[in-house]
Amino acid sequence: MLLSVEYMHIPDGFLSIFVSFVAWIISIAMVAYAIHRVGKELGERQVPMMGVLAAAIFAGQMLNFAVAGGTSGHLMGSALAAILMGPWAAILIMTSVVSIQALIFQDGGLIVLGANIFNMAVLGVAVAYMVYRSGLKILGNTRRGILVSGFSAAWISIFIAALSVGLQLALSGTSPVRLAIPAMAGVHALIGIGEGLITVGALVFLMSVRPGVIHSGEPRMAGDRFVMIVGFVLAVLLVIAAPLASTKPDGLEWVAMQGGFISQAGEPLYQIIPDYLLPGVANESIATIAAGLLGVVIMLGLAFGFVYSRRMRHISGR
Amino acid sequence: MHIHYLDPYKAGESVVHWTDARVKLVLGLGFIVVASFVPVGAWALYFLLFVIVFALEITSDVGVGYYLKRSSIALPFILAALPLLFTIPGPDLFGFTIGTWELSVRVAGVERFISIALKSWISIQIAILITATTPFPEILTAMRSLKVPRLLVAVFGLMWRYLFVFADETIRLLRARAARSGATGNQDLRTGGDLIWRAKTTGGLAGNLFIRSLDRGERIYLAMLSRGYDGEIRSLPHPRLGTMGWIVLVFGVVLLGLVFFLSVLASS
């Protein structure tokens, strides 16, 4: 949180309007359904429970341990929340965490918040849940099964979310495809190990202190299978798409170009404004001059306003 | 030690503080949207955006240094855009070699990189400005009147209230861990366990925190029940926007519209 080394919280300015918009749509739909489902399960407990658990995950992200050379591993929490609380509650909890981080601490931008929610709260949770549940099915509901599945779920939640961040950056044209995706994948394959180890540590502790908690995230309704399918499809898509995109970047760069055009208000707007608003003067120079003038006016207005309010305060004796 | 220093709100009496939270939130989001439409290399517009932010920062009376310090949080992310310097096709600015690598920095790449950096730096300052001049409960009220689902806002509010409690709890856990972990300057003496052991211990703290939060959530729920909570979140109706609020809103929208128009102009 305060000293995050991982590249998960995208700031404003790094994603095109087009990518941010699409991510918002998906996130809003998922969060709305999650609110509905958690409300059904927890009833009036929903607000206090989700709020407190979100606060705990937020604080839990301060926990760190020394790795080597001054770097440290720490927790993101998507996987732990998914394992312990089930997918829908986890989506709500992580959405709250990511939103508060952006709203109050500027850890991640506001317009790109939809994308950050998608990566950490939707994708991270769905994939972690899918891997954890499938792991339990294959390895059995034993201590070993729980720990191995927990580790894999935590690792993959970081890895897949990082792939998604890389893909979004590449689509927005803010980071070259050939570098963004392999770099994100490489760095987070390592960071994911830290996440996995902390998650396993938490599960070991909970198994000895309060074993009942481990099983409270089990699927209850048909919709939980749906999360697993979504998680599976998204994971497979990203794992296939990312290497493809970074070895054959032309396709993705084409999409980025299209997205870039859309983000710059689309073609039709260009036609509204003729090439020369003033005869003989290119529009770009008009924009430059107007921006300069506006800047000067604002600065002067501000200076006068500020001096005036100071004087008023002085007169009124405050 | 308490974690209250986390709260980024800086009390004050400035015009920015007085402005209605709804107006601030709408204009702030609008500003960031407009900023993302500014084309690469339109330096005059970046200057204009910066002047607007800077003017507001001075007016807010919080101290420009505070904004500069906090806005550095997004700095590391700029690394992600650094490769653009070399990969965008175009005429070379200058070239150099590292070992066997021959790198050439392109003009178009530099323009794009600086544009992204400026955009994100200006955007984050607007976000900092809002949180520095608006108490969080007011931001929550503003969110509710902007039609963010009530339930989500209630969860955010509760989370905010207990954030500091859990942050304090985490600090206590970490202090206890530090107290139990000896450290020595002597390199021959091994301190602490291996990496996996350290990670597992930290995981134990996370599990501990989880249990405490489950229990606390249950206690809070019971406390709410005994005070008449029935699952419905009630709040006072939103006060109407005053004249001053409308003036600021209209002025802000016109200004943003102008900037948007100029950025379309610059890209045509």
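Residues numbered from 1 in each chain as written. Chains lettered and ligands numbered in written order. Predicted model: local features only at pLDDT ≥ 70, side-chain atom pairs only at ≥ 80, totals over all residues.

1. Remarks on the overall build of chain A
Reasoning step 1: Helix and strand counts for chain A come out as 12 helices and 2 strands.
Reasoning step 2: Look at the contacts in chain A between residues 6 or more apart in sequence, and 73% of them connect residues 24 or more apart. (Helix = DSSP H or I, 4+ residues; strand = E, 2+ residues; numbered from the N terminus. Contact = placed C-beta atoms within 7 Å.)

2. Remarks on the interface of chain A and chain B
Reasoning step 1: In this assembly, 86 residues from chain A lie in contact with 85 residues from chain B.
Reasoning step 2: Secondary structure elements with two or more residues in the side of chain A that touches chain B: helix H1 (17-42), helix H2 (46-60), strand E1 (64-68), helix H3 (78-85), helix H4 (87-105), helix H7 (177-209), helix H11 (266-272) and helix H12 (283-316) of chain A.
Reasoning step 3: For the side of chain A that touches chain B, the per-class residue count stands at 56 nonpolar, 23 polar and 7 charged. (Nonpolar A, V, L, I, M, F, W, Y, C, P; charged D, E, K, R; others polar.)

3. Structural notes on the domain arrangement of chain B
All names here are of chain B.
Reasoning step 1: If you check the domain split of chain B, you get domain 1 (4-145 + 241-263) and domain 2 (150-180 + 196-226).
Reasoning step 2: Each partner contributes to the interface: domain 1 provides 6 residues, whereas domain 2 provides 7 residues.
Reasoning step 3: Classifying every residue of the side of domain 1 that touches domain 2 by side-chain character gives 4 nonpolar, 1 polar and 1 charged. (Domains from an automatic or database assignment.)

4. A closer look at H7(A)
Reasoning step 1: Between the first and last C-alpha of H7(A) there are 46 Å, a value that for 33 residues agrees with the 48 Å anticipated at 1.5 Å per step.
Reasoning step 2: The largest bend along H7(A) measures about 30 degrees and falls at A:Ala189. (Expected span 1.5 Å × (residues − 1). Bend = angle between axes of the 7 residues up to and from the residue.)

5. A word on the packing of H1(A) against H2(A)
Residue and element names in this part refer to chain A.
Reasoning step 1: For the pair H1 and H2, the least separation of the axes is 9 Å and the interaxial angle reads 115 degrees. It follows that H1 is roughly perpendicular to H2 by the angle criterion. Between H1 and H2, the residues in contact are Val38, Gly39 and Leu42 and Gln46, Met49 and Met50, respectively.
Reasoning step 2: Among the residues making up the contact of H1 with H2, the classes are represented as 4 nonpolar, 2 polar and no charged. (Axes fitted to C-alpha atoms, helices over the stretch in contact; angles between N-to-C directions. Parallel < 35°, antiparallel > 145°, perpendicular 65-115°, else oblique.)

6. Observations regarding the confidence of the model for chain B
Caution applies to low-pLDDT parts of the model: their predicted coordinates are not meant to be read in detail.
All names here are of chain B.
Reasoning step 1: Averaged over every residue, the pLDDT of chain B is 86; residues scoring 70 or more account for 93%.
Reasoning step 2: Looking at the elements of chain B, mean pLDDT is at its lowest for strand E1 (residues 92-98), recorded as 73, and at its highest for helix H2 (residues 21-37), recorded as 94.
Reasoning step 3: Confidence estimates for the predicted assembly give a pTM of 0.87 and an ipTM of 0.89. (pLDDT = per-residue confidence, 0-100.)

7. Describing the confidence of the model for chain A
All names here are of chain A.
Reasoning step 1: A residue-level look at chain A finds 81% of positions with pLDDT of 70 or above and a mean pLDDT of 81.
Reasoning step 2: For residues 1-5, every residue scores under 50 in pLDDT, and the model assigns this stretch 9 contacts once sequence neighbours within four places are set aside.
Reasoning step 3: Contacts of residues 261-270 to residues separated by more than four positions or lying in other chains number 14 contacts, the stretch itself having pLDDT below 50.

8. A word on H3(A)
All names here are of chain A.
Reasoning step 1: Of all 8 residues in H3, 8 are buried; the element is thus mostly enclosed.
Reasoning step 2: Taken together, the buried positions of H3 are Ser78, Ala79, Leu80, Ala81, Ala82, Ile83, Leu84 and Met85.
Reasoning step 3: Glycine 86, located one to two residues past H3, shows a positive phi value of around 85 degrees. (Buried ≥ 20, exposed ≤ 12 C-beta atoms within 10 Å, placed from the backbone.)

9. A closer look at the environment of A:Ala90
All names here are of chain A.
Reasoning step 1: One can find alanine 90 in helix H4.
Reasoning step 2: C-beta crowding within 10 Å serves as the criterion here: with 32 such atoms nearby, alanine 90 is assigned to the buried category.
Reasoning step 3: Along the sequence, alanine 90 and alanine 161 sit 71 residues apart, while their C-alpha atoms lie 15 Å from each other.
Reasoning step 4: Among all residues touching alanine 90, those that are not within four sequence positions of it are Ser78, Ala81, Ala82, Met85 and Val125.

10. Examining unusual backbone geometry
Reasoning step 1: A positive phi angle, near 55 degrees, is found at A:Gln106, a position not held by glycine.
Reasoning step 2: For A:Gln106, the location among the structural elements is in the loop between H4 and helix H5 (113-139).

11. Remarks on the packing of helix H3 (residues 43-60) of chain B against helix H10 (residues 243-267) of chain B
Relative placement of two packed helices is described by the angle separating their axes and the distance separating the axes.
Residues and elements named next belong to chain B.
Reasoning step 1: Following both chains from N to C, one finds H3 and H10 inclined at 165 degrees, their axes separated by 10 Å at the closest point. One element, H3, and the other, H10, form an angle in the roughly antiparallel class. Viewed along their axes, H3 and H10 form a crossing whose handedness is left-handed. Seen from H3, the contacting residues are Leu45, Leu48 and Leu49; seen from H10, they are Val259, Leu262, Ser263 and Ala266.
Reasoning step 2: Its residues assigned to classes, the contact of H3 with H10 comprises 6 nonpolar, 1 polar and no charged. (Left-handed = near helix turned anticlockwise from the far one by under 90°.)

12. Brief notes about the nonpolar core
Reasoning step 1: Counting 174 residues, the largest nonpolar core has A:Ile91, A:Ile93, A:Val125, A:Ala128 and B:Leu45 as the members making the most contacts within it.
Reasoning step 2: With sequence-adjacent residues up to four places away left out, B:Leu45 is seen in contact with A:Ala287, A:Ala291, B:Val38, B:Val259, B:Leu262, B:Ser263 and B:Ala266. (Core = buried A, V, L, I, M, F, W, Y, C linked by C-beta atoms within 7 Å.)

13. Regarding the pairing of E1(B)
Residues and elements named next belong to chain B.
Reasoning step 1: Counting buried residues along E1, only 0 of its 7 residues qualify, which leaves the element largely exposed.
Reasoning step 2: In this sheet, strand E2 (residues 101-106) lies alongside E1 in antiparallel orientation, the contact comprising 6 bridges. Within the sheet, the bridge partner assigned to aspartate 92 lies in E2 and is arginine 106. (Pairing = 2+ DSSP bridges.)

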